[in-house]
Amino acid sequence: MAFLQVLSSFFLVTVFLSSTFSFANSHPGAGFGSWDGNFNPGGGWLPGLFPGFYQFSCPQANDIVMSVLEKAIAADPRMAASLLRLHFHDCFVQGCDASILLDNSGSIVSEKGSGPNKNSIRGFEVIDEIKAKLEEACPHTVSCADILALAARGSTILSGGPSWELPLGRRDSKTASLTGSNNNIPAPNSTVQTLVTLFNRQGLDEVDLVALSGGHTIGMARCVSFKQRLYNQNGDNQPDETLERAYYNGLKSVCPKSGGDNNISPLDFASPVKFDNTYFKLILWGRGLLNSDEVLLTGNVDKTVELVRRFAEDEALFFDQFATSMVKMGNISPLTALKGEIRTNCRRIN
């Protein structure tokens with residue numbers, strides 16, 4: 001009887017290992033040591049994504065990402081916000097699949113030329129450097145889509161913000177969508193109703209909208225993205241009356257009525273490279289830079305108004321929700337299993 005029990009156990013272990021290695025071989029990045037199989041789409045994980053995905057195939061992946069980020073952000077503190085924005089603009093167009101990184105080619109019309117991205121989106125060289133180092137350490141293993149997610153988290157951490165357990169295992173698209181980029185990414189002059197609609201379209205709610213908008217606690221915006229508020233908010237050649245007067249006067253010196261479209265101003269002038277909750281305090285004081293920032297308070301949506309106030313009062317609450325919403329955003333329509341590919345060069349399909 002004991003012999004039969006041992007034989008039976010050996011058979012079960014053999015079947016388990018066989019199926020495990022089959023899974024690992026079909027998923028180049030799969031690490032099967034830390035995955036307990038408990039996926040929870042509502043709470044953070046989707047089937048095919050889990051934090052230990054590269055535990056065995058490329059355990060140094062995050063260390064490589066962080067080492068490049070540390071140097072890049074030290075040289076250009078604005079880069080942290082740029083990389084965070086890159087992940088956001090990727091996920092809102094056909095999911096978190098690194099489509100935003102693709103250059104124009106015979107088969108690709110790049111998203112880089114869309115209205116929200118042209119002359120604005122940046123950080124591609126940092127992603128290229130990360131990818132090159134990862135290819136050297138772990139060839140054809142870590143996807144560009146996961147690099148964007150890791151870079152967004154790392155940039156947040158290095159700016160003083162929260163960390164989070166990041167599900168990994170995304171694969172890279174073989175397509176891009178210029179139309180999707182033009183239609184799905186919220187414009188800086190959006191009304192709160194438009195913001196809610198565009199976020200809902202991605203499976204994100206008002207809580208996610210306000211928390212993720214808090215990413216504007218770091219970074220800069222071009223004059224062209226807020227000029228309307230200064231000179232012609234409602235088509236009557238008058239400024240936005242919700243702008244605090246001293247702040248308004250200061251912005252006019254940076255952003256003239258004619259020209260200067262590429263002049264930049266901090267989204268959070270009080271602490272532009274520090275990830276904190278000052279962004280929400282500024283909104284309460286009428287000092288939100290973009291229309292899409294200020295309407296979270298003035299747009300007559302009770303939920304967003306309440307959240308702006310709560311996050312302004314409680315930084316820990318904001319940090320916790322930002323981390324949760326970043327995981328949720330990172331789960332938008334990922335390519336997993338045998339879908340897509342692992343690009344060797346993030347700028348072009350294999």
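What you see is a predicted model, and the numbers here were worked out from it, not measured in a lab.

Enquirer: Teacher, can you tell me more about the environment of Glu206 here?
Expert: Mapped onto the secondary structure, Glu206 falls in helix α8 (residues 206-213). For Glu206, a relative accessible area of 25% translates into the label partly exposed. When the C-alpha atoms of Glu206 and Lys303 are compared, they prove to be 6.9 Å apart, with 97 residues separating the residues in sequence. Setting aside residues up to four positions removed in sequence, Glu206 forms contacts with Val196, Lys303, Thr304 and Leu307.

Enquirer: What exactly am I supposed to notice about the state of the cysteines here?
Expert: What is meant by a disulfide is a covalent connection between two cysteines, made through their sulfur atoms. Following the criterion strictly, the structure yields 4 disulfides and no others. Disulfide pairing places Cys91 opposite Cys96 at an S-S distance of 2.0 Å. Taking the sign of the S-S torsion, 120° for the link of Cys91 and Cys96, the bridge is right-handed. Of the two residues examined, Cys91 and Cys96, each falls in the buried class. Each disulfide pairs two cysteine sulfurs, and for Cys223 the partner residue is Cys255, the sulfurs being separated by 1.9 Å. Every disulfide takes its handedness from the sign of the S-S torsion; for Cys223 and Cys255 that torsion is 65°, giving right-handed. A residue pair is termed long-range when its members are at least 10 positions apart, and Cys223 in the loop between β1 (220-222) and α9 (227-231) and Cys255 in the loop between α10 (245-254) and β2 (264-266) qualify at 32 residues.

Enquirer: Explain the confidence of the model for the chain to me, please; I cannot follow it from the model alone.
Expert: Residues shown with low pLDDT carry predicted positions that ought not to be read at fine detail. For the chain, per-residue confidence averages 89 on the pLDDT scale, and 87% of positions sit at 70 or higher. Contacts from residues 1-43, a stretch scored under 50 in pLDDT, to residues over four places away or in other chains number 45 contacts.

Enquirer: Can you help me understand the packing of helix α3 (residues 79-91) against helix α5 (residues 144-158) in this one?
Expert: Helix-helix packing is characterised by the crossing angle of the two axes and by the distance between the axes. Between α3 and α5, whose axes approach to 8 Å, the crossing angle comes to 140°. α3 and α5 meet at a crossing whose hand is left-handed. Across the interface between the two elements, Ala80, Leu83, Leu84, Leu86, His87 and Asp90 of α3 pack against Leu148, Ala149, Ala152, Ser155 and Thr156 of α5. Taken together, the residues of the contact of α3 with α5 sort by class into 7 nonpolar, 3 polar and 1 charged.

Enquirer: Would you mind going over the side chain of Ser181 with me for this structure?
Expert: Tracing the backbone through its elements, the reader meets Ser181 in helix α6 (residues 178-184). One polar contact links Ser181 to Asn117, side chain to side chain, over a distance of 3.1 Å.

Enquirer: Would you mind going over the nonpolar core with me for this structure?
Expert: Among soluble globular proteins, nonpolar side chains are generally buried collectively. Residues Leu69, Leu86, Leu101, Ile127, Leu134 and Met329 are the most contacted members of the largest nonpolar core, which totals 79 residues. Apart from the residues within four sequence positions on either side, Leu69 is in contact with Leu83, Val126, Ile130, Leu150, Ala151, Gly154, Ser155 and Leu158. Core analysis: the second largest hydrophobic core is formed by 13 residues, Cys223, Leu230, Leu251 and Leu289 among them.

Enquirer: Could you clarify how one ought to interpret the pattern of salt bridges in this entry?
Expert: Opposite charge on two side chains permits them to pair, given that their charged atoms come into close proximity. A complete count under the given rule lists 12 salt bridges for this structure. For Arg122, the salt bridge identified is with Asp76, shortest N-O distance 2.8 Å. Here Arg122 is found in the loop between α3 and α4 (124-137), whereas its partner Asp76 is found in the loop between α2 (61-75) and α3, with 46 residues between them in sequence. Residue classification places Arg122 among the partly exposed positions, given a relative accessible area of 22%. Exposure remark for Asp76: the relative accessible area of 24% places this residue in the partly exposed category. The salt bridge partner of Arg310 is Glu306, with a shortest N-O separation of 3.8 Å. Taken as a pair, Arg310 and Glu306 lie in helix α13 (residues 302-313) at a separation of 4 residues, close to a single helical turn.

Thresholds, definitions, all that
Each chain carries its own residue numbering, running from 1 in the direction its sequence is written. Side-chain atom pairs in this predicted model are given and counted only at pLDDT of 80 or more, local residue features only at pLDDT of at least 70, and totals for whole chains, interfaces and linings cover all residues. Side-chain measures here rest on the full set of heavy atoms in the structure, leaving out hydrogens and waters. Secondary structure is summarised from DSSP: a helix means a run of H or I of at least four residues, a strand means a run of E of at least two, and numbering begins at the N terminus for each. For each residue, the accessible area found with a 1.4 Å probe, counting protein chains only, is set against the maximum for its type, and the residue is called buried under 20%, exposed over 50%, and partly exposed in between. In what follows, a contact means two residues having at least one pair of non-hydrogen atoms within 4.5 Å. The criterion for a disulfide is a pair of cysteine sulfur atoms lying within 2.5 Å. pLDDT: the predictor's confidence for each residue, scored from 0 to 100. Under this scheme, a helix contributes an axis fitted over its contacting stretch, all axes are lines through C-alpha atoms, and angles between N-to-C directions fall in the 0 to 180 degree range. Handedness of each helix crossing follows the sense of rotation of the near helix against the far helix: counterclockwise by less than a right angle gives left-handed, clockwise gives right-handed. Think of it as three bins: nonpolar holds Ala, Val, Leu, Ile, Met, Phe, Trp, Tyr, Cys and Pro, charged holds Asp, Glu, Lys and Arg, and polar takes everything else, Gly as well. For the purposes of these results, a polar contact is taken to be a pair of N or O atoms within 3.5 Å, where, inside protein, one atom must be able to donate a hydrogen and its partner to accept one; residues adjacent in sequence count only when each atom of the pair is a side-chain atom. What makes a nonpolar core is a set of buried Ala, Val, Leu, Ile, Met, Phe, Trp, Tyr and Cys residues whose side-chain atoms join them at distances within 4.5 Å. Salt bridges, as used here, are contacts in which a Lys or Arg side-chain nitrogen is within 4 Å of a carboxyl oxygen on Asp or Glu.

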